[in-house]
Structures are given as C-alpha cells and as structure tokens.
Amino acid sequence: MRIQLLPSTFDSHGHATPEQRLTCFLIDERVAVDAGSIALALSGEQREQVRDIIVTHPHMDHIASLPIFIDDLFPTLKSPVRIYATPEVISSLERDIFNWNVYPRFSELKNDFGPVMEYVPIHVGQDFKAAHLTITAVAVNHIVPTVGLLVSDGKTTVAFSSDTSETEEFWEIVNRAPSLQALLIEASFPDSMAQLAEVSRHFTPASLKRELSKLHHNGLDILAVHIKPAYRETIIQELESLQIPQLGVMESGKIYEW
Ligand SMILES: [Zn+2]
Ligand SMILES: [Zn+2]
C-alpha cells in the first residue's frame with residue numbers, strides 16, 4: 001500500500017513546504033482520506049484516478065478544497081466522485097458547504113455523462129469497500145462526529161486517526177486486526193498547550209504517548225500527522241524526546257510504502 005500525505009502549501013518557487021495545514025492522504029493513487037488539499041496537490045494523472053474520497057469529519061482543514069476538486073473535474077467526469085462519510089458528516093456537508101450559497105449542491109447536478117458527485121453513507125463498525133480497499137470506520141473522540149479508519153488492501157493494513165483525543169473503540173478495532181503495518185495518528189499541539197488540546201479534542205506529544213500504551217501491536221511504523229504549523233518545531237522536538245521506537249513525523253509529499 002502506498003500512502004502520501006499531500007502537501008498543503010508551496011513556496012514562491014512552487015516547491016511543496018513541509019508544514020501540514022490541510023489534511024488529505026492519498027492511498028495507492030486512487031483513494032483519498034479527507035480532502036483538504038485534494039484540489040491543490042494532486043498530479044494531473046492522480047486527478048484523473050481519484051474518484052473515491054472518505055471524509056472523516058467536516059472541519060475545514062479536511063474538506064477545504066473538496067468543492068474545488070469537483071468543480072475542476074465537472075465537465076469531464078464520466079462517473080461520479082464518491083464521498084464516503086457517516087450520515088452526520090454528509091448532512092453537514094450538504095447543509096454547510098454544498099448548500100447553493102457557499103458552493104453548488106453537486107450531489108444534485110449532472111454533466112453530459114451523468115451525476116458528478118454521490119454520497120456513500122458509511123456506518124461505524126461496519127466494513128465497506130472503496131475502490132480496492134476494505135475499510136472499517138470507528139468513532140473517535142473529537143468535537144464533531146469524526147471517524148478513524150482501519151484500511152486494508154488484503155495484504156497490508158494501516159490505521160488512521162487524524163483528529164482525536166483519548167478513545168477506546170479505535171484501539172479495540174486496531175488491536176483486533178491480525179496485523180498492522182502502520183499507524184498514522186495526530187499530535188496537534190505542544191505539551192505546553194495541553195489544556196487547549198483537551199478542549200479542542202486533540203493530542204499533544206505527552207497525551208499521545210499515554211494513548212499509545214493502548215496499542216498492542218509491535219514493530220509497526222507510527223507516524224505523527226496534523227502537527228499545527230505554528231508549533232511544528234516544538235512538537236517535533238517533544239515527539240523525539242518521547243523515545244518511542246518507530247515513531248516519526250509523516251513528511252508531506254513523500255510516498256510511504258508498506
Ligand atoms: Zn477536526
Ligand atoms: Zn483537523
């Protein structure tokens with residue numbers, strides 16, 4: 001399985017910068033988990049292949065350029081872009097984003113070939129298929145209904161939880177997986193901001209360390225994501241000082257393979 005955290009910003013020469021401002025993971029060039037930077041950072045070839053997008057929750061950093069992605073493809077789509085999300089998240093997207101005010105309601109629009117966007121409701125605890133992947137969504141602990149994901153291609157299994165704080169169900173599902181090659185998990189704020197992290201339901205390096213004691217798999221790669229750019233250096237230092245083997249920081253733009 002190949003996973004890339006898409007870049008969010010670019011310097012004045014057009015080169016991707018390492019900070020993560022938006023969230024969008026591209027799996028095997030075909031499936032996106034969240035869509036923050038989807039319209040900004042896909043190659044032309046990737047743009048033609050991605051038709052399956054899983055939206056974990058409707059916070060702007062996770063959906064910012066989703067409307068632009070669909071708009072961009074609108075005239076040429078021969079099959080709809082499928083948005084996989086829980087019914088709560090679908091309602092929020094329809095009410096708050098695709099509401100004819102912020103942006104057109106693409107779920108009701110067709111081009112010359114047919115519908116351009118369709119929702120695929122997903123339910124926590126029930127497996128679903130997206131392209132070649134089998135995925136289980138699990139509710140995590142964030143300030144709006146949000147899911148973490150266990151993603152398998154039949155050979156490799158990777159667990160994702162971007163925005164969350166302390167939770168139990170995610171770890172139960174992760175620990176039940178027969179094997180796990182990688183865990184992508186958030187570390188949003190530095191330890192000095194533990195209080196803000198708690199009220200906004202995010203981790204700091206210290207609270208992530210406590211949470212990782214719930215993980216029973218060994219030897220997998222653990223990559224920290226969703227590091228707030230304003231505190232990036234401090235958070236990275238704090239993560240390094242935890243001395244957790246195989247815990248690293250996911251680099252945007254890099255393709256990881258498991
Ligand atoms: Zn969030
Ligand atoms: Zn977020």
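Structure: see above.
Figured I'd write up the structure that's included with this text.

What counts and how
- Residues numbered from 1 in each chain as written.
- Chains lettered and ligands numbered in written order.
- Predicted model: local features only at pLDDT ≥ 70, side-chain atom pairs only at ≥ 80, totals over all residues.
- Heavy atoms only, no water.
- Donors = N, O, S within 2.8 Å, 3.2 Å for Na, K, Ca; no water.
- Tetrahedral: all angles 85-135°; square planar, octahedral: opposite > 155°, others 65-115°.
- Buried < 20%, exposed > 50% of the residue type's maximum accessible area, 1.4 Å probe, protein only.
- Helix = DSSP H or I, 4+ residues; strand = E, 2+ residues; numbered from the N terminus.
- Arc of directions from axis to C-beta.
- Contact = heavy atoms within 4.5 Å.
- Phe/Tyr/Trp six-rings, centres within 6.5 Å; stacked < 30°, edge-to-face > 60°.
- Core = buried A, V, L, I, M, F, W, Y, C linked by side-chain atoms within 4.5 Å.
- Pairing = 2+ DSSP bridges.
- Axes fitted to C-alpha atoms, helices over the stretch in contact; angles between N-to-C directions.

Right, let's get into the coordination of the zinc ion (ligand 2). Protein coordination at the zinc ion (ligand 2): the donors are Asp61 (OD), His62 (NE2), Asp163 (OD) and His226 (NE2), at 2.1 to 2.2 Å from the metal. For the zinc ion (ligand 2), the 4 donor atoms in the first shell make angles of 90 to 166 degrees at the metal, a pattern classed as irregular. Site description for the zinc ion (ligand 2): donor spacing in sequence, D-H-x100-D-x62-H. In this structure, the zinc ion (ligand 2) lies 3.5 Å away from the zinc ion (ligand 1), the two metals sharing Asp163 as a donor. Of the two residues examined, Asp61 and His62, each falls in the buried class.

Protein-derived coordination of the zinc ion (ligand 1) comes from His57 (NE2), His59 (ND1), His142 (NE2) and Asp163 (OD), at a distance range of 2.1 to 2.2 Å. Of note is the zinc ion (ligand 1), whose 4 donor atoms meet at the metal with angles of 90 to 164 degrees in an arrangement that counts as irregular. Residue His142 is classed as buried on the basis of its relative accessible area, which comes to 6%.

Turning our eyes to something else, we now look at unusual backbone geometry. Peptide bonds are, in most cases, trans, and in most cases residues other than glycine have a negative phi. Positive phi values are uncommon outside glycine, yet Ala131 reaches one of about 50 degrees. Relative to the helices and strands, Ala131 resides in the loop between β9 (127-130) and β10 (133-139).

What follows concerns helix α6 (residues 169-176). Along α6, the residues classified as buried are Phe170, Trp171, Ile173 and Val174. For α6, the angular spread of buried residues about the axis comes to 160 degrees, placing them on one side. The inward-facing, buried residues of α6 abut β10, β11 (147-152), β12 (157-161), β13 (182-186) and α8 (205-212).

Below, the discussion takes up the packing of aromatic side chains. Enumeration over the complete set of coordinates arrives at 8 aromatic pairs. Taking the centre distance of 6.2 Å and the plane angle of 45 degrees together, the rings of Phe189 and Tyr231 count as tilted. Taken as a pair, Phe189 in the loop between β13 and α7 (194-199) and Tyr231 in the loop between β14 (221-225) and α9 (232-241) lie far apart in primary sequence, 42 residues in all. On the basis of relative accessibility, which here comes to 6%, the residue Phe189 falls in the buried class. On the accessibility criterion, Tyr231 (29% relative accessible area) is partly exposed. An aromatic cluster is present here, built from Phe74, Phe98, Tyr103 and Phe106 joined pairwise through their rings.

We now examine the nonpolar core. Counting 30 residues, the largest nonpolar core has Ile38, Ile53, Phe69, Ile70, Ile83 and Phe98 as its most contacted members. Elements with a contribution of two residues or more to this core: α1 (38-41), α4 (66-73), β5 (81-85), α5 (87-97) and β8 (117-121). Discounting residues that sit within four places of it in the chain, Ile83 has contacts with Ile53, Val55, Leu66, Ile70, Leu93, Met117, Glu118, Tyr119 and Val120.

The next thing to look at is the sheet that holds β8. With mixed pairing, 7 strands are arranged side by side in an open sheet as β8-β5-β4-β3-β2-β1-β16. Two strands close off the open sheet at either side, each with one partner strand: β8 and β16 (255-257). With direction set aside, neighbouring strand axes in the sheet form an average angle of 25 degrees. Here strand β3 (residues 31-33) runs beside strand β4 (residues 52-54); their pairing, made up of 3 bridges, is parallel. By the bridge assignment for β4, Val33 is matched with Ile54. Of the strands in this sheet, β4, β5 and β8 are in contact with α4, which crosses β5 at around 160 degrees.

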